[in-house]
Amino acid sequence: MSDTTKYLLSEERIPKFWYNIAADLPKPLAPVLHPGTGQPIGPDDLAPLFPMALIAQEVSAEREIEIPGPVRDVYRLWRPAPLYRARRLEAALDTPAKIYYKYEGVSPSGSHKPNTAVAQAFYNKEEGTKRLSTETGAGQWGSSLAFAAGLFGLEVDVYMVKISFQQKPYRRALMEAYGARCVASPSSETESGRAILAEHPDSTGSLGIAISEAVEVAAKNDDTKYSLGSVLNHVLLHQTVIGQEAMEQMDMAGDDPDVVIGCAGGGSNFAGLAFPYIGEQLRGGKTRRVVAVEPAACPTLTKGTFAYDFGDTAHLTPLVKMHTLGSTFVPEGIHAGGLRYHGMSPIVSHLKELGLIEAEAYHQTECFAAGIQFARTEGIIPAPESTHAVRAAIAEAEKCKAEGKSRVILFNLSGHGHFDMQAYTDYFAGILRDTAYDEKALAEAMAVLPPVAAE
Ligand SMILES: *Cc1c(COP(=O)(O)O)cnc(C)c1O
C-alpha cells in the first residue's frame, strides 16, 4: 500500500477539533444587533431558531472546539477528502505554477455542505428538535441537510429558490430520496412568501426570500428549528475540517501554498479552506495571499458596502455587519445559485476590511469555460459555483507564466456539477448571458439599508 493510500484510509486523519478563528482575530467582530432595539442580541434571542450548542459556538472565543464522536463517525463516510495536484491542467496552461486542489465533491451530496449539515443535525437531535426548516439555492444545501438530518431521524422542510427548483429537478429528487419535503420559494405556505407573490407573482425567488420563509416556519413552531448552510460563524467553524486536512496533505506533498483560493457565496467553503491558514498567519506564521471569488452578477465583497443589514428579505433576522448589496437586492438568475446571496459572512467581511483577504469577481461564461478546461484535463466537472475558484486559479497560473514565476496555488473545488449539467448545456448552446449587476437596483437596495448608529 502506498503512503497516500494509507493516508486516505486512516480515519485518524479526520480532524478532532474545529478551528475557531474568532480566537485569533486582531480586532473583534461587530456585535449582532436586535432589529427592534438596535442593542446587541443575547443567546435567548436566538433560542427559537437554533439549539443552544450552536448558539454557544456562534459566540465562542475558544480556539479549538471538539468535534463530537457521532459527527466524526459520519465524516468517516467521505473524510479525509482528497487533495490533488492538477498536473494535466498545469501542462495545458504551460505554467510554471503548481496547482493543487482540495476536492469536497466526494461527500454524499457532492459538496462541502455536509460538513456543517451533519454537525447541525447532531446538535438539534441532542436538544430534542423534531423538524428542521431551511432554504436552498441550487439545492446543494437542501440535499446536504436532507441527508444529514435523515441519519439522525429528523424531518426536513426545504424552501428552494424557484428558479433553481425549475432548473434543477434532480436536486429536488435527491432531497426527496433522502426523505425531505421540498417547496418552491416564494411559496404560498408562509406569510413572507405570500407577501412576495402578491407583489411579484412571477418572482424567480432569491435566497433572501427563501430564508424568510424557513425562519418564519421555525419561529412559529416549537418543535421546528431553522438551519442555515452558510454565512453564520458556526457554519464556517464546521467547515474548517477542509483547511486542517489540506494543511496536513500539503505537508505530505512537500509544498506550501503561496495563494489560497475559494469561491464565496456566503463564505463557508472559502472560510473552511482559508481560515486555518489565516489563523497560522495571525499567530505569527507565514503570510499567504488569500482570495475569495464571487460572480460579477452578485459582487458582494467587491462592490457591496460593509454595513449592518438583515440576512433575509422580509427582515425577520437580526442585523449583522457584513458586506451587503442590500437585503432587497435580487441578483440575476445565474446558474451558480449558491453564490446568489445579497450578503456575506460577517467574519469573511471583517477579514476583508482588515486587509487579510482579497476578493475577485468573474462573469459566468468565463467561469464555465474554465470549468470545461478543468473537466477536459482533470476529469471532474466542477459545480457552477466551484468554476469561479477554478477560473481564479487559472488566472493566477497564467500570471505566473507571464511573470516567469513558480508559485504554489491551492484552491477549493467545493463540489461536482453532476446535478448542474443543464447549466453546461446552456453554456454550450450559447444562451448564457453575462449580465452585470443592475446598478439602479443596487442603489435602491442600498438606500433602504436599516439605519444603525455608528458604533
Ligand atoms: C453552496 C455552495 C457554494 C457557496 O456557498 P459558500 O457558503 O460560499 O461556500 C459553493 N460551492 C458549492 C459547490 C456549493 O454547494
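These remarks concern the structure in this document. Everything quoted here is computed from the prediction, not taken from an experiment.

Some thoughts on the sheet that holds strand 10 (residues 289-295)
- Here we have six strands laid out as an open sheet, ordered 3-4-14-9-10-13, and mixed in their pairing. The open sheet has two free edges, formed respectively by strand 3 (83-85) and strand 13 (358-362), since each of these has just one partner strand. Neighbour-to-neighbour, the strand axes of the sheet open up by a mean angle of 25°, direction not taken into account.
- Two strands pair when backbone bridges link them, and strand 3 and strand 4 (residues 98-103) are joined in this way by three bridges, in the antiparallel orientation. Across the sheet, the residue bridging to arginine 85 is tyrosine 100, located in strand 4.

Details of empty space enclosed by the protein
- Tallied over the full model, the rule gives three cavities of 30 Å³ or more.
- Taken as a whole, the largest cavity encloses approximately 360 Å³ of empty space.
- Around the largest cavity, the lining comprises 30 residues; the ones closest to its centre are Lys113, Leu207, Ser230, Gly266 and Gly338.
- When residues of the lining of the largest cavity are traced back to their parent elements, those giving at least two are strand 5 (131-136), helix 7 (140-151), helix 11 (207-220) and helix 14 (268-282).
- Grouping the constituent residues of the lining of the largest cavity by class yields eleven nonpolar, 16 polar and three charged.

Focus: the site of the ligand
- Close to the ligand lie 19 residues; Lys113, Ser230, Gly265, Ser268 and Ser414 are nearest.
- Between the ligand and the protein, one listed contact pairs an oxygen atom with a backbone N or O atom of glycine 265 at 2.7 Å.
- Here serine 414 contributes a side-chain N or O atom positioned 2.7 Å from a nitrogen atom of the ligand.
- Within the complex, the protein chains bury 98% of what would otherwise be the 380 Å² of accessible surface of the ligand.
- If you map the ligand onto the pockets, it falls in the largest cavity.
- When its residues are assigned to classes, the shell around the ligand shows four nonpolar, 13 polar and two charged.

Focus: the pattern of salt bridges
- Using the criterion set out here, one finds 27 salt bridges in the structure.
- Close ionic contact of glutamate 189 with arginine 181 constitutes a salt bridge, the shortest N to O distance being 3.1 Å.
- Since its relative accessible area comes to 39%, glutamate 189 is described here as partly exposed.
- A salt bridge links lysine 286 to aspartate 258; the nearest nitrogen and oxygen atoms lie 3.5 Å apart. Pair noted here: lysine 286 is in the loop between helix 14 and strand 10 and aspartate 258 is in the loop between helix 13 (241-253) and strand 9 (259-263), with a separation of 28 residues, a long-range link.

Calculation rules
Residues numbered from 1 in each chain as written. Predicted model: local features only at pLDDT ≥ 70, side-chain atom pairs only at ≥ 80, totals over all residues. Heavy atoms only, no water. Pairing = 2+ DSSP bridges. Helix = DSSP H or I, 4+ residues; strand = E, 2+ residues; numbered from the N terminus. Axes fitted to C-alpha atoms, helices over the stretch in contact; angles between N-to-C directions. 1 Å grid on protein atoms, 1.4 Å probe; cavity = no way out; pocket = protein on both sides within 12 Å on 5 of 7 lines; lining within 4 Å. Points joined across faces, edges and corners; volume = space filled by probe spheres on them. Nonpolar A, V, L, I, M, F, W, Y, C, P; charged D, E, K, R; others polar. Near = heavy atom within 4 Å. Polar contact = N/O pair within 3.5 Å; in protein donor to acceptor, adjacent residues only side chain to side chain. Areas by Shrake-Rupley, 256 points an atom, 1.4 Å probe, with all protein chains shown as cover. Sits in = over half its atoms within 2 Å of the grid points. Salt bridge = Lys/Arg side-chain N within 4 Å of Asp/Glu carboxyl O. Buried < 20%, exposed > 50% of the residue type's maximum accessible area, 1.4 Å probe, protein only.

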